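Residue-level structure breakdown
Below, each chain spelled out in residue letters.
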Amino acid sequence: MTDDLTIPLFINGEKVTHSSTFDVISPSTGATCWKAVSATPEDAIKAVETAKETFPAWSQTKPSARIAILLKAADILEKNAEEYATHIMTEMGADRGTAQFFVLPLAIAMCRDIAGRISSVCGGVPVVAKEGQSAMVWKEPYGFCLGIVAWNAPYVIGIRSAATAIATGNTTVIKSSELTPRCYLSLVKASKDAGLPDGVFNVVTCRREDAPLIVNTMIDNPAVRKINFTGSASTGRKIARTCVGGKNSAVVLADADLEAAARECLAGAFLKAGQICMGTDRILCHSSIASNLMDIMTQQLKETAKGSEAPPKCELVSEAISQGAQLVAGTDAQADIPSAGFVPTILSNFSETSSLHHQEAFNPLVTITTFDTDDQAIELANDTEYGLHAAVFTKDLRKGLAMAKRLEAGAVHINSMTVHDEPALPMGGVKGSGCGRFNAQGMEEFLFRKAVTWDV
């Protein structure tokens, strides 16, 4: 780590530095790993105006040119995977395996997948009602797109936001998370090295306390034509009012393979220390198998938990226990695990009035609730303002598909964990987990339809 390094803004192909900076703290050490430039309103305006001015020329580039740039950017990311993984390990405390062999490969695959879809963007020729009249529907880029992105998977989230905009002929400014500025700088530098023209992709970041001012400065600019946001539901609502979170359930039915269900639920809950928007927050299991499932999960956890990150939010756990929740696994239950750096925590019998019932923990923390009927399971799973991912565990595929139909979620995974993301599948949620989609069909979100008719 280099604590005298300062991460710049990136505007119009140039690194922008000035005296206004903030410390980036590594969660692994609690120390400053480097500093980052904190954008001013003037920086934000410059980034927006740059993207606006660059749009006309970029929108006219041929699909083949955009394809070549994105494919080369993916190659650069792949070539430097070890270095870029180190950035995410330092800035957010991820382990090497997650950073280099999960997050980065997914981001690279998404970049290549987006590039491969560019040539398929085309309009249509509908038949209209009027005799002698013809019509076409064109798909055109919006213009300048603002991306407001999160910290927990910067390469993946950054590629989704920036590469999709670029692929469809838009220009973009990414307001990166103040927690992972070097990761986002790596993305924009890889794009520039791949031949992306200056001003098409810009990155600004700022101190947390300055974020509302910087974001509102950009949103208020009339040049902004499209905004995509990944983050908390409360912030998303604020952005929506001015111009994505989750509470994901895994439903374990009475006929489920309990060994497999326990393994997938633990992975879904504790992968990357629970800091994944698709992570399993709640396990809903049939009352007849609840005891067996908890025993199996506890045993599997003791056998596999190695821990390397931060403990769950104590206030959520403390409140739940004070209201009658029982600790199935956690600090007391796992004192015999050597070198436990973080403590995967499982709670049962928690009150539905507790904060934990409604809030996304975003930590290695999962709850278990029992049900007696399928209808009750659906009611419990849907009793949340969120709707990102869900899982159903059953040996009866017909029943699993029927439950998937009723679950209010953007994706439902039968007999696998709630954490599932790949380029071929649309990524997004319902209710408080947002609107719109990335990945498959996601490019359509960055294009508008223009109807053109003519009479002869």
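Residues numbered from 1 in each chain as written. Predicted model: local features only at pLDDT ≥ 70, side-chain atom pairs only at ≥ 80, totals over all residues. Heavy atoms only, no water.

Our focus in this paragraph is the overall build of the protein. When helices and strands are tallied, the protein shows 14 helices and 20 strands. Taken over 456 residues, the protein has a buried fraction of 54%. Summed over all atoms, the accessible surface of the protein reaches about 19,400 Å², with 53% contributed by carbon and sulfur. (Helix = DSSP H or I, 4+ residues; strand = E, 2+ residues; numbered from the N terminus. Buried < 20%, exposed > 50% of the residue type's maximum accessible area, 1.4 Å probe, protein only. Areas by Shrake-Rupley, 256 points an atom, 1.4 Å probe, with all protein chains shown as cover.)

Moving on, we come to the pairing of strand β7 (residues 144-148). For β7, a buried count of five out of five residues is recorded, marking the element as mostly surrounded by other parts of the structure. Judged by which residues are buried, β7 turns out to be covered on both faces: Phe144, Leu146 and Ile148 on one side and Cys145 and Gly147 on the other are all buried. Pairing of β7 with strand β8 (residues 171-175), which is carried by five bridges, proceeds in the parallel orientation. Across the sheet, Gly147 pairs through a bridge with Ile174, a residue of β8. Handedness of the crossover is the feature at issue here: the chain leaves β7, passes through helix α5 (residues 154-167), returns alongside β8, and the resulting connection is right-handed. Bridge analysis of β7 against strand β10 (residues 224-229) gives five bridges, and the strand direction is parallel. Looking at β10, one finds that Cys145 is bridged to Lys226. (Pairing = 2+ DSSP bridges. Right-handed = clockwise from strand over helix to strand, strands pointing away.)

All chains considered together, the criterion is met by 11 salt bridges. Its salt-bridge partner being Glu444, residue Lys139 comes within 3.0 Å of it at the nearest N-O pair. Take Glu444: its relative accessible area is 27%, and that puts it in the partly exposed class. One salt bridge in this structure joins Lys192 and Asp198, with 2.9 Å as the shortest N-O distance. Taking the relative accessible area as the measure of exposure, Asp198 reaches 35% and is therefore partly exposed. (Salt bridge = Lys/Arg side-chain N within 4 Å of Asp/Glu carboxyl O.)

Between helix α4 (residues 96-117) and α5, the least distance of the axes is 9 Å, while the angle of their chain directions is 10°. The pairing of α4 with α5 is recorded here as roughly parallel in orientation. Side by side, α4 and α5 meet where Val103, Leu104, Leu106, Ala107, Met110, Cys111 and Ile114 of the first sit next to Tyr155, Val156, Ile159, Arg160, Ala163, Thr164 and Ala167 of the second. The residue inventory of the contact of α4 with α5, partitioned by class, reads 12 nonpolar, one polar and one charged. (Axes fitted to C-alpha atoms, helices over the stretch in contact; angles between N-to-C directions. Parallel < 35°, antiparallel > 145°, perpendicular 65-115°, else oblique. Contact = heavy atoms within 4.5 Å. Nonpolar A, V, L, I, M, F, W, Y, C, P; charged D, E, K, R; others polar.)

What follows deals with the side chain of Asn202. Checked against the element boundaries, Asn202 lands in strand β9 (residues 201-204). Judged by relative accessible area, Asn202 falls into the buried class, the value being 0%. Side-chain polar atoms of Asn202 contact the backbone nitrogen of Asn12, separated by 2.8 Å. Contact partners of Asn202, with chain neighbours within four places excluded, come to Phe10, Ile11, Asn12, Ala47, Thr50, Ala51, Thr172, Val173 and Ile174. (Polar contact = N/O pair within 3.5 Å; in protein donor to acceptor, adjacent residues only side chain to side chain.)

Look at helix α6 (residues 181-193): 18 Å from first C-alpha to last across 13 residues, which is about the 18 Å you get at 1.5 Å a residue. Inspection of α6 places Pro181, Cys183, Tyr184, Leu185, Ser186, Leu187, Val188, Ala190 and Ser191 among the buried residues, and these make up the whole buried set. (Expected span 1.5 Å × (residues − 1).)

Right, let's talk about the confidence of the model for the protein for a bit. When the pLDDT values of the protein are averaged, the result is 82; 79% of them are 70 or greater. Taken together, the stretch residues 239-244 has pLDDT below 50 and engages in 17 contacts with residues farther than four places along the chain or on a different chain. Counting interchain partners and residues more than four positions distant, the pLDDT-below-50 stretch residues 332-341 has 18 contacts. (pLDDT = per-residue confidence, 0-100.)

For the coordinates displayed, the defined rule picks out one aromatic pair. A centroid spacing of 6.2 Å and a plane angle of 35° characterise the contact between Tyr84 and Tyr155, whose relative ring orientation is tilted. You can see Tyr84 sitting in helix α3 (residues 81-92) and its partner Tyr155 sitting in helix α5, a full 71 residues away along the chain. One exposure class covers both Tyr84 and Tyr155, and it is buried. When the ring centre of Trp34 is taken as reference, the NZ or CZ atom of Arg182 above it lies at 4.6 Å. (Phe/Tyr/Trp six-rings, centres within 6.5 Å; stacked < 30°, edge-to-face > 60°. Lys NZ or Arg CZ within 6 Å of the ring centre and 35° of its normal.)

Across the sheet, three strands lie side by side as β1-β5-β4; this open sheet has mixed pairing. Two strands in the sheet have a free side with no partner beyond their single neighbour: β1 (6-7) and β4 (21-25). As paired elements, β1 and strand β5 (residues 32-37) share two bridges and run parallel to each other. Each residue of the ladder has a partner; that of Thr6, found in β5, is Lys35.

Counting residues in each nonpolar core, the largest one holds 55 residues, and the members touching the most others are Leu70, Tyr155, Ile159 and Phe201. Counting residues per element, this core draws most heavily on α4, at 10 residues. (Core = buried A, V, L, I, M, F, W, Y, C linked by side-chain atoms within 4.5 Å.)

Structurally, Leu185 is set in helix α6. Judged by its relative accessible area of 8%, Leu185 falls in the buried class. Distance in space between the C-alpha atoms of Leu185 and Thr205 is 9.9 Å, their sequence separation being 20 residues. Each residue touching Leu185, except ones within four places of it in the same chain, is listed here: Ile7, Pro8 and Phe10.

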